[in-house]
Each structure stands twice: as structure tokens, then as C-alpha cells.
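# A look at the structure
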Amino acid sequence: MPWHPSPGATLNSQILAEACACAESLGGVKDGRWKTSIFFYRPMTRDGAAGQQGQTHADLPRELLGVALHDRPGLYFSIVRAAKLVLQADAAFPQVMEKLQSYKARVALNFEGFQYQLGDFCLRIGKCVPNNSEALRGIMMEVEYYPLSSIEKSRAIMEDFFDIWQETVAKKSLPGHFIHVESNFSEYGLSDQYSFQHTAVQYATCLQQLMTAVRG
């Protein structure tokens, strides 16, 4: 769930603090920190540089996203949004790409914040910042429901939770609101049973929404 600022409003750390306070007001118990990273890759040119100019490998997609999830340090997920592909690989995959001189990371963004346990739910509330920077690019929340892995079977429960969450946040009179964005998992060939590949696709969708909100 990315944060969508009201027209003319700017992002600030106070919004993040208030969102965390909402989790605690619902009975959430802080359970440490978390961090998920997304990397933007561009095909390498024949001279070994990454960028728009120069001759690149013709069969490589122009954009590749890499996702390193907080709770799966041994895995790495690659997403080609144009082709609707998501692949799961070993954490060493980025080094393999650079050795093959196929892709090079240009930008890295980190989603990081606090994790809260709330009954059968886990809430991860955090900020989106560039690597090695504190410049706020967005605020988001991830919700996990432990008992069910079926997306369809858990849909009604998740929608009820989102309604309660939105009511709680609305009481804070903050300049904006969280929006529930659903990824089209079937486009990526993913089943109804939730997996880490689903999570990677959701982060890519959330990032796209955050960037749209900032531009707007």
C-alpha cells in the first residue's frame, strides 16, 4: 500500500511516524526492522558501460528490475515488466550478470522501516529512499496474513483489514492516504497460491505507484 499525498502536500518523516503510531494503536507489537531493495538495471553497451547511448546486446530487454527481499536473503528476483516476467534466482545473480557484461545496476532504492505483529497479521511500514541517501521518495506499508496463502480466499479478510486501517489513519487528518494497489499476478503467470515471486511483483507495482504520486 503506497502513500498518496494530497495535492500540494509534501512527504515528510512525520507521516511515517504517525503511520507507525496507527499500527501501535491497533495493538501492533514492534518486531524489529526490515529492508527490501529494488535495483534498476540497464543493458551494458559493448564497451562495458550502462546507459542509453552505445550499442547494446539486441536481445536484452531495456529495463530489468532486481528485488532483494528482507526475509529471503539467499534469493534474488528479476522482473522484466515489459514482458511480464518474474524469475527467482540465487542471491549471487547480480554478480553473474555483471561478469557476463549483460546488465549493470544504475539506481538502487531501499524500502525500510519497522515491522509489527498484529494477531494473524504482520505489518511492515517504511520509507522509500535511494541507496546511501536519506532523501524521502515515498512511504508504504506491506500487509501479510499468516493463516492463508490463497489470494482469493484471503481477499475478503484483507479488505476488511484495509477498511479498519484506513479509518484509523483518517483520524490522524494527515495530508494524504494509503491506497490499496492490486498487482495483476496472472499477467506474470503466477498462481493463486501466494509466493515470494508475488511479493517481488507487488514491490515493483508499489514502486511504480510511488513514482507516479511523486510526479503528480
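Up top you'll find the structure we're talking about.
Structural notes, computed from the coordinates. Keep in mind that what you see is a predicted model, and the values were worked out from it rather than measured. (Residues numbered from 1 in each chain as written. Predicted model: local features only at pLDDT ≥ 70, side-chain atom pairs only at ≥ 80, totals over all residues. Heavy atoms only, no water.)

### Things to note about the sheet that holds strand E3 (residues 64-68)
Quick reminder of the rule: Pairing between two strands requires that DSSP report at least two bridges joining them. Comment: elements are numbered from the N terminus, with helices defined as DSSP H or I runs of at least four residues and strands as E runs of at least two. Angles here are taken between N-to-C directions and fall from 0 to 180 degrees, while the axes themselves are lines fitted to C-alpha atoms, restricted in helices to the stretch in contact. In what follows, residue pairs with any heavy atoms lying within 4.5 Å of each other are defined as contacts.
Here seven strands make up an open sheet; going across it, the order is E5-E4-E3-E2-E6-E7-E8 and the pairing antiparallel. Looking along the sheet, the strands with just one partner apiece sit at the ends: strand E5 (85-90) and strand E8 (138-145). For this sheet, the mean inter-axis angle between neighbouring strands, taken without regard to orientation, is 25°. Where E3 meets strand E4 (residues 75-80), three bridges bridge the pair, whose relative direction is antiparallel. Within the sheet, the bridge partner assigned to Leu65 lies in E4 and is Ile79. Each of strand E2 (29-43), strand E6 (103-118), strand E7 (121-130) and E8 is contacted by helix H1 (residues 13-25), which is oriented at about 175° to E7, the strand it contacts most.

### Some points on the side chain of Ser150
Defined as follows: Under the scheme applied here, a residue whose accessible area is under 20% of the maximum for its type counts as buried, over 50% as exposed, and between as partly exposed, the area being computed with a 1.4 Å probe on protein chains only. Polar contact is defined as a pair of N or O atoms within 3.5 Å, subject to the rule that within protein one atom must be able to donate a hydrogen and the other to accept it, and that residues adjacent in sequence are counted only when both atoms are side-chain atoms.
Turning to its location among the elements, Ser150 is positioned in the loop between E8 and helix H3 (151-170). Residue Ser150 is classed as buried on the basis of its relative accessible area, which comes to 8%. Among the polar contacts listed, one links the side chain of Ser150 to the side chain of Asp192, at a separation of 2.5 Å. Once residues lying within four places of it in the same chain are set aside, the contact partners of Ser150 are Asp192 and Gln193.

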